[in-house]
Amino acid sequence: MRIIIVNNYEEMSKKAAMMIASQVMLKPDSVLGLATGDTPLGMYKELIQLYSKNEVDFKEVTTFNLDEYYGINRKNPQSYYEYMMANLFNSININRKNIHVPDGMSQDVNAICSDYEEKIKKAGGIDMQVLGIGGNGHIGFNEPDVNFEARTHLVNLDEQTIEANSRFFDSIGDVPVKALSMGIKTIMNSKKIILLANGISKAESIARAINGKISPKVPASILQLHNDVTVILDSEAASGLQI
Ligand code: GLP
């Protein structure tokens, strides 16, 4: 693991955006795995800036998002699909046909999950996967007591996750209790991974993921076994690390 500690959120976002931009410059038809949440918002802003200065071109890029709430229509402003449109896709020249977010309204869960895996495979696999981390150590929506073997699947959300994500909804009762998520195996098959975390609320899960025992109790700890992970942390998120 390469661990980069920076001073603040802005530097974290800039570094991550530069890594993605270089990936796309070196391989214009890159397949990117993308994350939602507050953490990557600054990185998406930076990428939009780089695009508007003609420094990066997304026309041949393909994307696969990590996850989507189950039972939420993609037109719903709370959907991760809408998040991606609003925070990145509407502002860059990506081909809409190349955007993939699991369909949270699908009735046939098994079919949609295996189709998602098939599409990733057909695209040649994920070149660079961006991850945030949950306060409980989740990546994507792979919650503690995770099955490391799983590929894209339907997940029951942890109480801690429902509570954490209730800030995006009118009330906690509106937060979906299930989600479709790439599995750990899908994530681990990515060629390169960037894990981002900022703020003191992530210090404990980052320390457990990086310094702790590899365990299904801390889903992100499996990243210790991947051969190309870059972790970019602000000083608060890094404050519990022993390095
Ligand atoms: C969410 C997402 C994850 C994200 C994590 C952290 O529930 N499913 O992909 O990385 O929680 O979110 P945030 O960046 O808002 O702290």
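What counts as what
Numbering of residues starts from 1 in each chain and follows the order in which that chain's sequence is written. The model is predicted, so local features are restricted to residues of pLDDT at least 70 and side-chain atom pairs to those at 80 or more, both for listing and for counting; the totals for chains, interfaces and linings are taken over all residues. Water and hydrogen atoms play no part in the side-chain values, which are based on all heavy atoms of the structure. Cavities and pockets were defined on a 1 Å grid built over protein atoms only: a cavity is a set of grid points that admits a 1.4 Å probe from which the probe cannot escape, a pocket is an open set flanked by protein on both sides within 12 Å along at least five of seven lines, and lining residues are those with an atom within 4 Å of any such point. Grid points are joined across faces, edges and corners, and a volume is the space filled by probe spheres set on the points. Only DSSP runs of H or I reaching four residues or more are called helices, and only runs of E reaching two or more are called strands; each is numbered from the N terminus. Each residue is assigned to one of three groups, with Ala, Val, Leu, Ile, Met, Phe, Trp, Tyr, Cys and Pro labelled nonpolar, Asp, Glu, Lys and Arg labelled charged, and all others, Gly among them, labelled polar. We define a salt bridge as a side-chain nitrogen of Lys or Arg found within 4 Å of a carboxyl oxygen belonging to Asp or Glu. Relative accessibility under 20% of the residue-type maximum defines a buried residue, over 50% an exposed one, and the middle range a partly exposed one, all with a 1.4 Å probe and only protein chains included. We call two residues contacting when some pair of their heavy atoms lies within 4.5 Å. Take the number of residues in a helix, subtract one, and multiply by 1.5 Å to get its expected span. Whenever a nitrogen or oxygen atom comes within 3.5 Å of another N or O atom, the pair is scored as a polar contact, on the condition that within protein one atom can donate a hydrogen and the other can accept it, and that pairs from neighbouring residues in sequence are kept only if both atoms are in side chains.

Considering the layout of surface pockets
Within this model, the largest pocket holds a volume of roughly 670 Å³. Looking at the largest pocket, it is lined by 33 residues, and the ones nearest its centre are G37, D38, N165, R167 and F168. The set of elements that each furnish at least two residues to the lining of the largest pocket consists of β4 (67-69), α3 (80-87) and α5 (159-165). Considering only residue class, the lining of the largest pocket consists of 13 nonpolar, 16 polar and four charged. By volume, the second largest pocket amounts to about 180 Å³. Forming the boundary of the second largest pocket are E117, I120, K121, G124, G125, I126, R151, T186, N189, S190 and K191. With three residues, helix α4 (residues 109-122) is the largest single contributor of residues to the lining of the second largest pocket.

With respect to the pattern of salt bridges
Across all of its chains, the model carries ten salt bridges by this definition. Where D57 meets K59, a salt bridge forms, and the shortest distance between an N and an O atom there is 3.2 Å. Given the relative accessible area of 49%, K59 is considered partly exposed. D115 is the salt-bridge partner of K119, the closest N and O atoms lying 2.9 Å from each other. Remark: D115 and K119 occur in helix α4; sequence separation between them is four residues, near one turn of the helix. Note on K119: relative accessible area 37%, which makes it partly exposed. Judged by its relative accessible area of 33%, D115 is partly exposed. The network of salt bridges with common partners includes K27, D127 and K191.

Structural notes on helix α7 (residues 203-211)
If you check which residues of α7 are buried, you get A203, S205, I206, A207, A209 and I210. At its buried positions, α7 is contacted by β1 (2-6), β9 (192-197) and β10 (229-234).

Remarks on helix α2 (residues 41-52)
Here α2 spans 17 Å end to end across twelve residues, near enough to the 16 Å set by a 1.5 Å rise per residue. Every buried residue of α2 is listed here: G42, M43, Y44, E46, L47 and L50. Residues of α2 that are buried make contact with α1 (9-26), β2 (31-34), α3, β6 (128-131) and β9. Trailing α2 by a residue or two, N54 shows a phi angle of about 60 degrees, which is positive.

Details of the environment of Y116
Following the sequence through the fold, Y116 ends up in helix α4. Exposure remark for Y116: the relative accessible area of 5% places this residue in the buried category. When the C-alpha positions of Y116 and L196 are compared, they lie 24 Å apart, and in sequence the two are 80 residues distant. What Y116 contacts, discounting residues up to four positions off in sequence, is F64, N65, H100, V101, P102, T152 and M182. Polar side-chain contacts of Y116 include one of 2.6 Å to the backbone oxygen of N65. Side-chain polar atoms of Y116 contact the backbone oxygen of H100, separated by 3.1 Å.

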